[in-house]
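Here is what each chain is made of, one letter per residue.
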Amino acid sequence: GNSVTQMEGPVTLSEEAFLTINCTYTATGYPSLFWYVQYPGEGLQLLLKATKADDKGSNKGFEATYRKETTSFHLEKGSVQVSDSAVYFCALSSGGTSYGKLTFGQGTILTVHP
Amino acid sequence: NAGVTQTPKFQVLKTGQSMTLQCAQDMNHEYMSWYRQDPGMGLRLIHYSVGAGITDQGEVPNGYNVSRSTTEDFPLRLLSAAPSQTSVYFCASGSGGRAPRETQYFGPGTRLLVL
């Protein structure tokens, strides 16, 4: 079956530091890959996505590249801000009868200090 | 647009009680789903629906029922609450039309505590 593995957290950084959150996946076929963000007390918001190999998703300074050869979709940001403090979830959606159903990683808590 | 709304925001139940978590969306989305979020486990799919009158089970359906009588609403019923159902519940919707169904919009969540 499908699965998503994220690097264990929590991750604590100083403002303007470089961020990487690792994500690897196992899936049949050609899944779409996503990063969702959950700010304190809120629901999940789509941060970025990529729907085929070598695609790069980007939003709000965050980037992730769909690497089929390494089955990875690592999230990066060059300079984090205090407002980026949140929980980040990597997820996938595969095709066929699973179309639309999201499989999530366990989430990574990011805390950014001034 | 309100997007995806969920009620209540917080609920405390005693073991054996029943309740319904409400979910509504105003985006005319075909696809709706329910997830539960537990610490260290990410979100897991409970039930989903690809349109009015059509529902199916997800990864963790036991103890939950759903129905989809309208496009807008997708309630989740707990028939006999158990402490293992203490969790945060999220409803989500997605479009099969102009936007791909992969883009899912989540509600703010319902925090449920079963004593």
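Residues numbered from 1 in each chain as written. Chains lettered and ligands numbered in written order. Predicted model: local features only at pLDDT ≥ 70, side-chain atom pairs only at ≥ 80, totals over all residues. Heavy atoms only, no water.

> How do you make sense of the overall build of chain A when you look at a structure like this?
Tallying secondary structure elements over chain A gives 0 helices and 12 strands in all. Reading chain A from its N terminus to its C terminus gives the helix and strand order β-β-β-β-β-β-β-β-β-β-β-β. For 114 residues, the compact-globule formula gives about 13 Å, and the C-alpha radius of gyration of chain A, at 14 Å, lands near that figure. Expressed along its principal axes, the backbone C-alpha trace of chain A runs to roughly 45 × 30 × 20 Å. When contacts within chain A are restricted to residue pairs at least 6 apart in sequence, those whose partners lie at least 24 apart make up 55%. (Helix = DSSP H or I, 4+ residues; strand = E, 2+ residues; numbered from the N terminus. Rg over C-alpha atoms; globule rule 2.2 N^0.38 Å. Contact = heavy atoms within 4.5 Å.)

> What is the right way to look at the environment of Gln38(A) in this model?
Its place among the elements puts Gln38(A) in strand 5 (residues 32-38). Residue Gln38(A) is classed as buried on the basis of its relative accessible area of 10%. Measuring from C-alpha to C-alpha, the distance between Gln38(A) and Tyr88(A) comes to 6.4 Å, with 50 residues separating the pair along the chain. If we skip the residues at most four places from it in the chain, Gln38(A) touches Gly43(A), Leu44(A), Ala86(A), Val87(A), Phe89(A), Gln37(B) and Phe90(B). (Buried < 20%, exposed > 50% of the residue type's maximum accessible area, 1.4 Å probe, protein only.)

> In this structure, what is going on with the interface of chain A and chain B? I would like to understand it.
Reports of interface size often rely on the accessible area that becomes lost once the parts have come together. Across the boundary between the two partners, chain A contributes 19 residues, which contact 18 residues of chain B. Summed over the shared surface of chain A and chain B, the number is 0 salt bridges. Taken together, the connections running from chain A to chain B amount to 5 residue pairs in polar contact (both at pLDDT 80 or more). Of all the elements in the fold, those that place two or more residues in the side of chain A that touches chain B are strand 5, strand 6 (44-50), strand 10 (86-93) and strand 11 (102-104) of chain A. With 4 residues, the single largest contributor to the side of chain A that touches chain B is strand 5 of chain A. Counted by class, the side of chain A that touches chain B contains 8 nonpolar, 8 polar and 3 charged residues. (Salt bridge = Lys/Arg side-chain N within 4 Å of Asp/Glu carboxyl O. Polar contact = N/O pair within 3.5 Å; in protein donor to acceptor, adjacent residues only side chain to side chain. Nonpolar A, V, L, I, M, F, W, Y, C, P; charged D, E, K, R; others polar.)

> Looking at this model, I keep getting lost on the pairing of strand 8 (residues 62-65) of chain A. Mind explaining?
When a strand is regular, its side chains alternate between the sheet's two faces. Residues and elements named next belong to chain A. The pairing of strand 7 (residues 56-59) with strand 8 spans 4 bridges and is antiparallel. Along strand 8, the bridge assignment pairs Gly57 with Ala64. Where strand 7 folds back onto strand 8 in an antiparallel hairpin, the turn is made up of 2 residues, including Lys60, whose phi is positive at roughly 55°. (Pairing = 2+ DSSP bridges.)

> Honestly, the pattern of salt bridges in this entry has me stumped. Any pointers?
It is possible for side chains bearing opposite charge to pair when their charged atoms get close. Under the criterion given, the structure shown has 5 salt bridges over all chains. A salt bridge links Asp55(A) to Lys52(A); the shortest N-O distance between them is 3.4 Å. Owing to a relative accessible area of 22%, Asp55(A) belongs among the partly exposed residues under this scheme. For Lys52(A), a relative accessible area of 51% puts it in the exposed group. When the shortest N-O distance is used, the salt bridge between Arg44(B) and Asp38(B) registers 2.8 Å. Owing to a relative accessible area of 18%, Arg44(B) belongs among the buried residues under this scheme. Taking the relative accessible area as the measure of exposure, Asp38(B) reaches 11% and is therefore buried. Linked by salt bridges that have partners in common, Arg36(B), Asp38(B) and Arg44(B) make up one network.

> Teacher, can you tell me more about the layout of surface pockets here?
The gaps of empty space that remain are located by a probe, the size of a water molecule, rolled over the atoms. Space inside the largest pocket adds up to approximately 620 Å³. In terms of lining residues, the largest pocket is bounded by 31 residues, among which Gln38(A), Gln37(B), Val88(B), Phe90(B) and Arg111(B) are the most central. Elements that contribute at least two residues to the lining of the largest pocket include exactly strand 10 and strand 12 (108-113) of chain A together with strand 9 (87-94) and strand 11 (110-114) of chain B. If you tally residues by element for the lining of the largest pocket, the top one is strand 11 of chain B, at 4 residues. Quantified by volume, the second largest pocket comes out at close to 310 Å³. If you list the elements that add at least two residues to the lining of the second largest pocket, you get strand 1 (3-6) and strand 11 of chain A together with strand 5 (43-51) of chain B. Taken together, the residues of the lining of the second largest pocket sort by class into 6 nonpolar, 7 polar and 3 charged. (1 Å grid on protein atoms, 1.4 Å probe; cavity = no way out; pocket = protein on both sides within 12 Å on 5 of 7 lines; lining within 4 Å. Points joined across faces, edges and corners; volume = space filled by probe spheres on them.)

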